[in-house]
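# A structural walkthrough
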Amino acid sequence: MIKSNIFSGLTVGIIALPLSMALAIATGVPPQLGLYTAIVAGILAAIFGSSKVNISGPTAAFIVILIPIVQQFGITGLLLCGFLSGIILVLVGLFKLGNLIELVPYPVTVGFTSGIAVVIATLQIKDFFGLTIENFSGTYIDKIVLLYNSFSTFNLFEFLTASATLFLLIIWRKTKSKIPAALVALGVVSIFVAFFNSFYGLNISTINSTFTYVIDGVKANGIPPIPLQFSLPWEFLKPHEINIDLLIKLLPHAIAIAILGALESLLCAVISDAMTGNKTDPNKELIGQGIANMVVPFFGGIPATAAIARTVANINSGGTTKLSSIVHSIFILISILLIAPIISYLPMAALSALLLMVAWKM
């Protein structure tokens, strides 16, 4: 049993590694924040939650409600919202209100999920076609107009990179191989992109060429190859900026995150229970998710919830205990420490193709 859970944890970790980065980028924050989220939430939600097989981390469902927070309040505001949503989830669980989530009509859940999928797919058009847009912000309609007006900047090589990734993702799944499609598709495409960028100067965008970080005053590109570091979510705010008015502005966003997180987590629990025969306590599961979201911001992570696709992959790979979720988090942490320079060469277009597949599945 231990061996099968370690194997399933490694399998899910391989899937979660690029996906966590892609989801963070789609939210408007650096890719490493998605990795930090998967590490912390994967461990804490498993330990304090009720489900034995749920895998928690950043999810596509959050993207739509997190983007406006980042645009209006910045990363610091997003971290504070995540912390507040964690408190709300813990209170919902303590007052045993988890069962109320079952009262949400199925058509509402389907409509909301479908709407999120459409928005996610739309947001990937920019990187999929390699469009140049300086300020990709505004309402959904504003973004559609920006995309339409920017098609004159279409980049053939970015498009070919994305198309090749999408093709491999689709074809590899049909082989029913135990090797995750994301690992094969992104791995193969990244090697080709690195080759053509180096020898032919194509300048296809990668995480390394898109994102920067600063350590001890030294600026570098890509993903910082350092372990998680504890920091206060509000440390970049001036003392006078932390006040009741700010918290009141953030509260509606935090409530939205908490409600969506509860829906996603309990829906995931229902699915995993049906597949395994387990019985998840909804209130304990929400407390676990709440604790995870209260702690994640102190390590720079964004809001997290149970991820249905990763949970199903965990079950199908032989995961039966909470060990698999913990192993998946440890794998991601080790990957940051040992191969951060390598995963920084993942093409942005390839990650957009991965998110298009996520949207299609939703």
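Our subject in this report is the structure included herewith. Bear in mind the structure is a predicted one, so any value in this text is a computation, not a measurement.

This part takes up the pairing of strand E2 (residues 212–215). Examined bridge by bridge, E2 and strand E3 (residues 218–221) share four bridges and lie antiparallel to one another. Looking at E3, one finds that Val214 is bridged to Lys219. In sequence, E2 turns back onto E3 through a hairpin of two residues, with Asp216 there showing a positive phi of about 55 degrees.

So, on to helix H8 (residues 181–200). Between the first and last C-alpha of H8 there are 28 Å, a value that for 20 residues agrees with the 28 Å anticipated at 1.5 Å per step. The complete set of buried residues in H8 reads Ala181, Ala182, Val184, Ala185, Leu186, Val189, Ser190 and Val193. On the buried face of H8, the contacting elements are helix H1 (2–27), helix H7 (156–174) and helix H14 (348–361). Of the residues flanking the end of H8, it is Gly201, one or two places downstream, whose phi is positive at about 60 degrees.

As for its placement among the helices and strands, Asp273 is situated in helix H10 (residues 244–276). Here Asp273 sits buried without a salt bridge, and the closest side chain of opposite charge, Lys279, lies 6.0 Å off (N-O distance). Asp273 has contacts with Asn278, Lys279 and Thr280, leaving out every residue within four places of it along the chain.

Ranked by size, the top nonpolar core spans 76 residues in total, and within it Leu35, Ile63 and Ile207 carry the most contacts. When residues of this core are traced back to their parent elements, those giving at least two are H1, helix H2 (31–48), helix H3 (63–94), helix H4 (106–123), H8, H10, helix H13 (323–343) and H14. Once residues lying within four places of it in the same chain are set aside, the contact partners of Ile207 are Met21, Ile25, Pro31, Gly222, Ile223, Ile343, Ser344, Leu346, Met348 and Leu351. Listed in part, the five residues of the second largest apolar core include Leu89, Ala262, Leu266 and Leu286.

Rules used throughout
Residues numbered from 1 in each chain as written. Predicted model: local features only at pLDDT ≥ 70, side-chain atom pairs only at ≥ 80, totals over all residues. Heavy atoms only, no water. Pairing = 2+ DSSP bridges. Helix = DSSP H or I, 4+ residues; strand = E, 2+ residues; numbered from the N terminus. Expected span 1.5 Å × (residues − 1). Buried < 20%, exposed > 50% of the residue type's maximum accessible area, 1.4 Å probe, protein only. Contact = heavy atoms within 4.5 Å. Lys, Arg positive; Asp, Glu negative; His and termini not counted. Salt bridge = Lys/Arg side-chain N within 4 Å of Asp/Glu carboxyl O. Core = buried A, V, L, I, M, F, W, Y, C linked by side-chain atoms within 4.5 Å.

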